[in-house]
Structures are given as C-alpha cells and as structure tokens.
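What the coordinates show
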Amino acid sequence: MSWIDIPNDSDFSIYNIPFGIFSGPHGKKRIGTRIGDIVVDLEAAADTGLFGDIDIDPDVFESTKLNPFIRQGKKITNAVRERLQATFADENSILKNHPKVFFKLEEVQMHLPVDTKDYTDFYSSIDHATNVGIMFRDPENALLPNWRHLPVGYHGRASSIIPSGVNIHRPKGQTKPADGPPVFGPCRLLDFELEMAFILGKDTELGSNITTEDAPDHIFGMVIFNDWSARDIQKWEYIPLGPFLGKSFASSISPWVVTMEALEFAKVEGQKQDPEVLPYLQYSGLHHYDIQLQVGLTPKASSETMICNSNYKHMYWNMVQQLAHHTVNGCNINIGDMMASGTISGPEKGSYGSMLELCWGGKREVHLDDGGIRKFLKDHDTITMYGHAGKGNKRVGFGEVQTMILPAT
Ligand code: MN
C-alpha cells in the first residue's frame, strides 16, 4: 500500500493524512502530516515541487499555525492531502530522494495546530446530560425543558487550550463546603471530560448564519478534546451564568487535525430526535460519526487502566446542528475556532466520559488495575484519551491527548 512502513494498528494510515504543527531538531515550527510513525515536513515537501501544479500559496507552509493553510479552502487542502496519499503510495515518489522531508516521531515536538480565537463547549450527549440531571436535580425530569429543543452550549476560554503533553497544575479557587462559608484552596474534585471538537474552516460575516446544509463546507477537521473541570469550583460558581473558573484553567487537545474527508467512511445515522426540532435545526444526510473513544488513567509510577470506552456516535445533537444553532443569531465565526461536543457518555456505566459520572457524584469507587481507587483525580495522575474510526482494515485515528496533573502551585 505504501513504501513507508506503517504499523497495522496505526491511527495514521494512508487513509488519514492529518495536518498539524511540529518542530523538529531544527527547532522551527512547521506544518506537517503524519503517516505511521513518520512526520512529514510539508514545507520541505513543497520545496521538492510535490504541490507544483496545485494553486496554493507556498508561504502557507512556513506558517506556525494551520490557519493560513485552512484559509486556502477545502478544494486546495483536499488536493494537498490527496497528493500526499498518492505520493506515499507511489514507489517512484519524488520524496524518496529527499530524506530531509521526514522525521521520526521521537525527533519532533507537537504544538497547537491552530490559532483559536473562540472556543465553544456544547452539552450534546443525552446520556451525559441525563446522568448529570439525575445526580444534581430530579431523576424524574433529568433533562431541563430546553435540552431536546436546542444544543445547549456556553462560551469557553480559548487562551488556555493546550496541546497533548503539556501538563497542568491542579487549579485553585473558591468552593463552598456544605456546612460553612466559602473557602479558598486547591480544587478537590478535579475531573476530565471526554469530548471531541471540530475546527472551523471559513470566516463568516457578522449578521450571517450557516445552515445545516452548508455546515459541512465550514468544518475543516476534528481533534480529541479534554475539557478539564474543577467540579467543586464549578458547583459554587455556576449559578446563574454557567461555567467559568471551574473550566477555564485548561482544555487539552490531540495535536493532529483529522480532516472531515478522512472521516467520511465513519459516518452513521444518529438517534431519532423526539420531539421534532425546529426547521433551522433539521438536516438531511448522515452527520454522526462512529469514532471509538477511550480514556486511560495512569497513576504516578504505575500502569494505565482504561476507565472509559465510549463512542462519538452517541451524540444527540450533531455538528451541523451545533453550527447552525451557534450562528442562527448572526454570530460570526473565524477560521480556527473550536466547537467541542460536550462530554461524550454512552448508555452503559463503562462508557461514562467523566469521573463525575464514573464515580456517580462520589457515591461509587473507580477501581484501577494497580489496586488503586479513585473518585476524582489525584496529583500525578495522567489522563490519556484515544480515538479512532475503523472499518475492515481501514483505520483513521487521532492518536492521543495526554496530560499529567501536577500539584497546585
Ligand atoms: Mn465540557
């Protein structure tokens, strides 16, 4: 299939060809792609003339973020991706004569792929919203009245989005013990949220909106997204305006942006929405994706336990509905903006995408393979999220997003 050696279980098969920002031993940030365990420098590849007949501004490959590349438009970015696929399959590829185009995985460092002006977090998994509603409100009416009528979301903090491998300190803040006045100190109920985010591929004008029909043309690709959450800070602060410091200390993403074209084969039908949604949220075609997701917890100096097996196909609201809703009031969108799904829980206990649900608000213990017990996360715990789509021997994945929790400073 390719003259490059690609491990059979690699997320980065020839069907993938994601885009990201890496630095090699030279220290300079470059646009790259990954195939198997090889990172390919696209500026160096462009210098060989590989993209000579594609109408792309060659300067975009020198950028330290993907935004200028994405701005070229899907017609061009898809042509680059397809040219890379073709050359990796071609025994006579021009790249074979240019070894400086290639880096081993261990030689590179990955960076944030895009410049993100705005990040939005939705709340679109019905199992997650139901679980939270049962725990904190009313088991009989777990979903609030608006939930089935619109994709609930909030404006997140873009400045604290970090790539895999950047560790975070346990946040500090104000919390309210049940039996006393508020106190200040390190968060005691630190949690992850298993999410996926899509990255916007077009700027829009203030006052315009994107229909569900046009939405796919505006979505460049996806990453795995860990929406770190300080549950005790969140619980005290969120009424009445929603999440704030309990969320804004960090959100971690996987570094390779997998294009929507690479995920096309993973499309599946979503669950039926009941009641029927308003016309601006109706859609045709398939807009859900069968992407298997896992979360591993690794305590300090110990081995990893898989604590969650979920799937992105469980979303009640899909990306085209989220984007149509986000812009229906005339809100403008910028290239590189991120819109995250909300915690992706499935119907079974083992598929819950947060410690909050796995330990059921602190009522259950999560047992680790090394004998350890967790309700929420401890210092020096490492959370790793994995995701891939697979069908037959075709596999397209995201690699991982990994973050260790350091003690509060
Ligand atoms: Mn979230």
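Positions within a chain are numbered from 1, following the residues in the order the chain's sequence is written. With pLDDT at 70 or above as the cut-off, local features in this predicted model cover only qualifying residues; side-chain atom pairs require 80 or more to be listed or tallied, and sums for whole chains, interfaces and linings still use all residues. Note that the side-chain values use all heavy atoms of the structure and ignore hydrogens as well as water.

Here the focus is the overall build of the protein. The secondary structure listing takes helices from DSSP runs of H or I that are at least 4 residues long and strands from runs of E that are at least 2 residues long, numbered from the N terminus. Summing up its helical and strand segments, the protein has 9 helices and 26 strands in all. Counting only C-alpha atoms and orienting by the principal axes, one finds that the protein spans roughly 70 × 55 × 40 Å. Burial status follows relative accessibility: with a 1.4 Å probe on protein chains alone, a residue under 20% of its type maximum counts as buried, one over 50% as exposed, and anything between as partly exposed. Looking at the 409 residues of the protein, the share that counts as buried comes to 55%. We call two residues in contact whenever any of their non-hydrogen atoms come within 4.5 Å of each other. Relative to all contacts within the protein whose residues are 6 or more apart in sequence, the contacts with residues 24 or more apart total 72%. By element, 50% of the accessible surface of the protein is carried by carbon and sulfur atoms, the whole surface being about 17,900 Å². All accessible-area figures derive from a Shrake-Rupley calculation using a 1.4 Å probe, and residue coverage is judged against the displayed protein chains alone.

Our focus in this paragraph is the sheet that holds strand β2 (residues 29–35). Between any two strands, at least two bridges found by DSSP are needed for them to pair. Read from one edge to the other, the open sheet built from 5 strands follows the order β4-β3-β2-β1-β5, with strand pairing classed as antiparallel. Looking at which strands have only one partner, the edges of the open sheet turn out to be β4 (102–104) and β5 (109–111). When the angles between neighbouring strand axes are averaged without regard to direction, this sheet yields 45°. The sheet contact formed by strand β1 (residues 20–23) and β5 spans 3 bridges and is antiparallel. Looking across to β5, one finds that S23 is bridged to Q109. Working convention: axes come from line fits to C-alpha atoms, limited for helices to the stretch in contact. Angles between N-to-C directions cover 0 to 180 degrees.

This brings us to the pairing of strand β3 (residues 38–41). In summary, the side chains of a regular strand alternate between the two faces of the sheet. Where β2 and β3 come together, 4 bridges link them in antiparallel fashion. Paired with I35 across the strands is I38, a residue of β3. Counted between consecutive antiparallel strands, the loop separating β2 from β3 contains 2 residues, among which G36 sits at a positive phi close to 55°. Sheet analysis places β3 next to β4, joined by 3 bridges and oriented antiparallel. Residue I38 lies in a different strand from β4, and its bridge partner there is K104.

Within the element layout of this structure, G24 appears in the loop between β1 and β2. Given the relative accessible area of 10%, G24 is considered buried. G24 sits 362 residues away from Y386 along the chain, and the two C-alpha atoms are 24 Å apart. If we ignore the near neighbours within four places in the chain, the residues touching G24 are F103, E107 and V108.

Okay, the packing of aromatic side chains next. Only Phe, Tyr and Trp rings take part, Trp by its six-membered ring, and two of them pair if their centres are within 6.5 Å. Stacked means planes under 30 degrees apart, edge-to-face means over 60, and tilted covers everything else. Summed over the entire model, instances satisfying the criterion amount to 11 aromatic pairs. Centroid distance F19 to F69: 4.7 Å. Interplanar angle 55°. Geometry classified as tilted. Of this pair, F19 sits in the segment before β1 while F69 sits in helix α2 (residues 67–71), placing them 50 residues apart in sequence. Across this residue pair, the class does not change: F19 and F69 are buried.

Now for the coordination of the manganese ion. Listed as protein donors to the manganese ion are D121 (OD), E193 (OE), E195 (OE) and D227 (OD); their distances from the metal cover 2.1 to 2.2 Å. Spacing between the donor residues of the manganese ion along their common chain follows D-x71-E-x1-E-x31-D. Within this pair, whereas D121 is found in strand β6 (residues 119–122), its partner D227 is found in the loop between β14 (219–226) and β15 (229–230), the two being separated by 106 residues in sequence. Here D227 falls in the buried class, since its relative accessible area comes to 0%. Note that water is not among the atoms considered, so a metal site may appear incomplete; the donors listed are N, O and S atoms within 2.8 Å of the metal, with 3.2 Å applied to Na, K and Ca.

Our focus in this paragraph is the pattern of salt bridges. Just to be clear on terms, a salt bridge is a Lys or Arg side-chain nitrogen sitting within 4 Å of an Asp or Glu carboxyl oxygen. Scanning all chains against the criterion turns up 17 salt bridges. The residue E193 makes a salt bridge to K247 at a minimum N-O spacing of 3.0 Å. Of this pair, E193 sits in the loop between β12 (190–191) and β13 (194–200) while K247 sits in the loop between α6 (231–237) and β16 (251–253), and the two are 54 residues apart along the sequence. Under the relative-accessibility criterion, E193 is labelled buried at 4%. Judged by relative accessible area, which is 7%, K247 ranks as buried. For D381, the salt bridge identified is with R374, shortest N-O distance 2.8 Å. In the salt-bridge network here, residues are joined through shared partners; they are D191, E193, D227, R231 and K247.

The next thing to look at is the nonpolar core. Grouped together as the largest cluster of nonpolar side chains are 59 residues, with contacts concentrated most on F192 and Y312. Put simply, buried Ala, Val, Leu, Ile, Met, Phe, Trp, Tyr and Cys residues joined by side-chain atoms within 4.5 Å make one nonpolar core. Of all hydrophobic cores here, the second largest spans 42 residues; its members include I14, V60, F69 and V223.

Turning to helix α3 (residues 74–89), a few remarks are in order. Given a rise of 1.5 Å per residue, 16 residues ought to cover 22 Å, and the 22 Å separating the end C-alpha atoms of α3 matches this to within 8%. Every buried residue of α3 is accounted for by K74, I76, T77, N78, V80, R81, L84, Q85, T87 and F88. For a helix, the expected span equals 1.5 Å multiplied by the residue count minus one.

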